[in-house]
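Each chain, letter by letter, is given below.
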Amino acid sequence: MKTDPQTVPLYRLAHSRTGDKGNRSNISVIAWHPALWDLLVEQLTEDAVARHFAARRPSAVRRYLLPQLHAMNFVLDDVLDGGVNDSLNLDSHGKALSFLMLELPVAVPDALRTHLVGGP
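Cut-offs applied
Residue positions are given per chain, counting from 1 as you read along its sequence in written order. Residues qualify for local features only when their pLDDT is at least 70, as the model is predicted, and side-chain atom pairs are given and counted only at 80 or more; totals for whole chains, interfaces and linings, by contrast, use all residues. Side-chain numbers here rest on the full set of heavy atoms in the structure, without hydrogens or water. Helix and strand definitions here come from DSSP, where helices need a minimum of 4 consecutive H or I residues and strands a minimum of 2 consecutive E residues; each element is numbered from the N-terminal end. Burial classification: accessible surface area is computed with a 1.4 Å probe over protein chains only, and a residue below 20% of its type maximum counts as buried, one above 50% as exposed, and the rest as partly exposed. We call two residues contacting when some pair of their heavy atoms lies within 4.5 Å. Here, a salt bridge means any side-chain nitrogen of Lys or Arg that lies within 4 Å of a carboxyl oxygen of Asp or Glu. A strand pair is defined by DSSP finding two or more bridges across the two strands. With axes taken as lines fitted to C-alpha atoms, and helix axes fitted only over the stretch in contact, angles between N-to-C directions fall between 0 and 180 degrees. Among buried residues, the Ala, Val, Leu, Ile, Met, Phe, Trp, Tyr and Cys ones that are joined through side-chain atoms within 4.5 Å form a nonpolar core. For the purposes of these results, a polar contact is taken to be a pair of N or O atoms within 3.5 Å, where, inside protein, one atom must be able to donate a hydrogen and its partner to accept one; residues adjacent in sequence count only when each atom of the pair is a side-chain atom.

**Student:** Is there a simple way to think about the overall build of the protein chain in this case?
**Tutor:** For the protein chain, the helix and strand inventory stands at three helices and six strands. Each helix and strand of the protein chain, ordered N terminal to C terminal, gives the series β-β-β-α-α-β-β-α-β. Expressed as a percentage of its 120 residues, the buried residues of the protein chain come to 39%. Within the protein chain, residue pairs in contact and separated by at least 24 positions form 66% of the contacts whose partners lie at least 6 positions apart.

Put into structure tokens, the structure is as follows:
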């Protein structure tokens with residue numbers, strides 16, 4: 001019997017690292033398992049990430065695919081409140097933005113659920 005896709009946070013499918021330069025955040029997403037790669041490419045689009053980060057008001061979101069690593073890199077412009085030297089934000093470096101990325105909801109079909117990490 002086929003069931004509907006289960007929506008889970010991205011951290012069940014991937015891990016992430018974040019860097020920054022000026023007012024630009026650089027967020028990598030790396031699949032926990034190669035079988036999840038195509039699903040991540042399908043659902044983690046530039047538009048989906050821009051919507052997810054809407055409160056940070058990125059002026060641009062670009063995605064770079066690294067298929068041999070089962071990873072992708074997103075570059076978000078103007079999301080750090082001016083950057084390290086210009087911001088009153090406590091986390092002006094943007095390191096915590098990987099945690100925001102990892103909360104992005106992903107619909108996972110039944111066939112791929114065995115590759116998810118963590119609890120329900």
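**Student:** Looking at this structure, I do not really get the pattern of salt bridges. What am I missing?
**Tutor:** If you walk through the whole model with that rule in mind, you get three salt bridges. Put simply, Asp-77 and Arg-62 hold a salt bridge, and the shortest N to O gap is 3.0 Å. Linking Asp-77 in strand S5 (residues 71–77) with Arg-62 in strand S4 (residues 60–66), this pair joins segments that are 15 residues apart in sequence. A residue is classified by how much of its surface remains accessible, and Asp-77, at 11% relative accessible area, is buried. Taking the shortest distance from any N to any O, the salt bridge between Asp-110 and Arg-113 comes out at 3.4 Å. Looking at Asp-110, the relative accessible area reads 39%, which means it is partly exposed.

**Student:** Would you mind going over the sheet that holds S5 with me for this structure?
**Tutor:** Within a sheet, adjacent strands bond to each other through the backbone by hydrogen bonds, running parallel or antiparallel. Ordered in space as S2-S3-S5-S4, the four strands form an open sheet in which the pairing is antiparallel. Across the chains shown, the open sheet's two edge strands, defined by having one partner strand only, are strand S2 (14–21) and S4. Averaged over all neighbouring strand pairs, the angle between strand axes comes to 20°, with direction disregarded. Two elements, S4 and S5, share seven bridges in a ladder whose sense is antiparallel.

**Student:** Looking at this structure, how should I read the nonpolar core?
**Tutor:** Buried together is how nonpolar side chains tend to be arranged in soluble globular proteins. In terms of nonpolar packing, the biggest core is built from 28 residues, with Leu-10, Leu-13, Leu-44, Phe-74 and Met-101 touching the most fellow members. Residue assignment for this core shows that the elements contributing at least two residues are strand S3 (24–31), helix H1 (37–43), S5, helix H3 (97–101) and strand S6 (105–108). Setting aside residues no more than four positions away along its own chain, Leu-10 makes contact with Val-29, Leu-40, Leu-44, Met-101, Leu-102, Glu-103, Leu-104 and Val-106.

**Student:** Would you mind going over the environment of Ser-16 with me for this structure?
**Tutor:** Within the element layout of this structure, Ser-16 appears in strand S2. Relative accessible area serves as the criterion here: at 12%, Ser-16 is assigned to the buried category. Sequence separation of Ser-16 and Ser-28 is twelve residues, and the distance between their C-alpha atoms is 5.3 Å. Beyond its immediate stretch of four places on either side in the chain, Ser-16 contacts Ile-27, Ser-28, Ser-98 and Leu-102. One polar contact links the side chain of Ser-16 to the main-chain carbonyl oxygen of Ser-28, over a distance of 2.7 Å.

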